[in-house]
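Reading the structure
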Amino acid sequence: MKFQPLAIGAADISDLIHLRLSEPDARELLAGLTPDRVDAALFARIVQVLRETNECPLTIAEPFLDCCGTGGSGIPHFNVSTTVAFILTAGGVKVVKFGNRAITSQSGSFDLLEQLGIPAVVSFHHTRAIFESTGLAFLFAPQCYPALRAFTVLRKTLGVRTIFNFVGPLLHPLNPAYRLMGVSHPKMQSHVARVLSQDQTNRRSLIVCGDKTLDELTPFASNRCFDVSQGVTQELKLSPVNTLRSSHPELRYTVGENLLLFQKMIAGELVNTPEHQFVCFNAGAGFFTAGVTSSIEEGTHLARELLATGRVKTLVTQVTTAYAHHAQ
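On a predicted model such as this, the values are computed, not experimentally measured, just so you know. (Residues numbered from 1 in each chain as written. Predicted model: local features only at pLDDT ≥ 70, side-chain atom pairs only at ≥ 80, totals over all residues. Heavy atoms only, no water.)

With that settled, consider the packing of aromatic side chains. Going through the model one piece at a time under the given rule, you end up with eight aromatic pairs. Ring geometry for Phe64 versus Phe131: centroids 6.4 Å apart, planes at 70°, classification edge-to-face. Pair noted here: Phe64 is in the loop between helix H3 (40-51) and strand S1 (65-69) and Phe131 is in helix H6 (residues 124-134), with a separation of 67 residues, a long-range link. Each member of the pair Phe64 and Phe131 is classed as buried. Each ring, one from Phe98 and one from Tyr145, has its centre 6.4 Å from the other, and the planes form 65°; the classification is edge-to-face. Remark: Tyr145 occurs in the loop between helix H7 (141-144) and helix H8 (149-158) and Phe98 occurs in strand S2 (residues 95-99); sequence separation between them is 47 residues. With a relative accessible area of 4%, Phe98 lands in the buried category. (Phe/Tyr/Trp six-rings, centres within 6.5 Å; stacked < 30°, edge-to-face > 60°. Helix = DSSP H or I, 4+ residues; strand = E, 2+ residues; numbered from the N terminus. Buried < 20%, exposed > 50% of the residue type's maximum accessible area, 1.4 Å probe, protein only.)

This is how it looks when you write it as C-alpha cells:
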C-alpha cells in the first residue's frame, strides 16, 4: 500500500517534540511519521525544529569530521564508527564524534566509550580542552538536547520505527565541516543527502548505506553512497572489496565482547578479520572525505598502517588519559 505524504507544519512538529499534545494525539501523530509517509521537505522541517532545541554552548572554529550512523539495521555488530574515530584522529583528522548509548542495538557508541573509561557527560569546557590536546572529543546527545528527553521516552514506548530513528547524526550541535554518515534506510539516505546539500556549513559528506540496510560501508557487499560536496551531490556505487565473503558477518556482539575486540584491534591482533576489514574500509572513507587521501582505497591502506604500527593504540591512551584528568 502506498501512502500519501503527510502535510505537517513546523508548529505541529514543535508541539509533538515538546509534548504539548495530549498523549493519544502525540502517539498517533508520531506513529504516522514513518519513512514511507515523510517526503524530503517534511524531513528537512523536522530536522530544523529538532536542531533548534540544541543547548550545547560549545563552538569549535577549526574544521573537523564526525563519523556517525543512524543505527536501525537490526544487526548487532562491532562499534565500527567509534573505532574509526580513533583511527582518523591518529591519521591527522580532527574529530568530534556525536553519539548516544544503545537504543535498538546491544552496544552504542557511549556504551563502548564508558567501558574505555570515557564518561558520557563531561563539561563542555573540558570537552574543548580534550579536543585541543588530542584532536578527538565525544559529545553525548542527551547532554546537548535535554529538552528531547521526554520525547525520546515516548518514541521508545511506541515500538514503531519512525523517521526520528534517522535524524540523530544530523543533530550534531557543532555542524561538522566533514561527515561520514551511515544511514540504514535507502529513502532516508536520500533525504539526509538533500539536507546536507543545503547546509552551508557542510564542506563534504559521504552518506553511506551498505548492503541496503547497514548504516556503514561493508567490504563484503555493494554499497550505495552520496558524496555531498559544497551543495553538489553525486551518487556513488562501491562494489565489494572482499570477494571471499558474500555478506557481512552476522555476529551478536555484547558491550563486553566489543570492548575485547576493540582492545585486540588497536593492539594489532585482528588483522584481516571481518571486524578489521569493516573498520579499515570505513576509516578509508573517512580519510577520503576529509581530503587526507585521494581515494577510499588509499585511505584503507592508511588505516591498516596506523593500526599495525600502534599509532591508534597510542592515541587511545592519550584520549582516555585526557578524559580521566578532566573528569576528576
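Sheet analysis places strand S6 (residues 223-229) next to strand S7 (residues 232-238), joined by seven bridges and oriented antiparallel. Note on S7: the bridge partner recorded for Ser229 is Val232. (Pairing = 2+ DSSP bridges.)

Next up on the list: the pattern of salt bridges. Taken as a whole and assessed by the stated rule, the structure comprises eight salt bridges. A salt bridge links Asp199 to Arg51, with the shortest nitrogen-to-oxygen separation between them at 3.8 Å. Here Arg51 lies in helix H3 and Asp199 lies in the loop between helix H9 (186-197) and strand S5 (204-210), a separation of 148 residues in the sequence. Across the pair Glu235 and Arg224 runs a salt bridge whose closest N-O atoms are separated by 3.2 Å. Of this pair, Glu235 sits in strand S7 while Arg224 sits in strand S6, and the two are eleven residues apart along the sequence. The class of Glu235 is partly exposed, set by a relative accessible area of 43%. For Arg224, a relative accessible area of 22% puts it in the partly exposed group. One network of salt bridges, in which partners are shared, links Arg224, Glu235 and Lys237. (Salt bridge = Lys/Arg side-chain N within 4 Å of Asp/Glu carboxyl O.)

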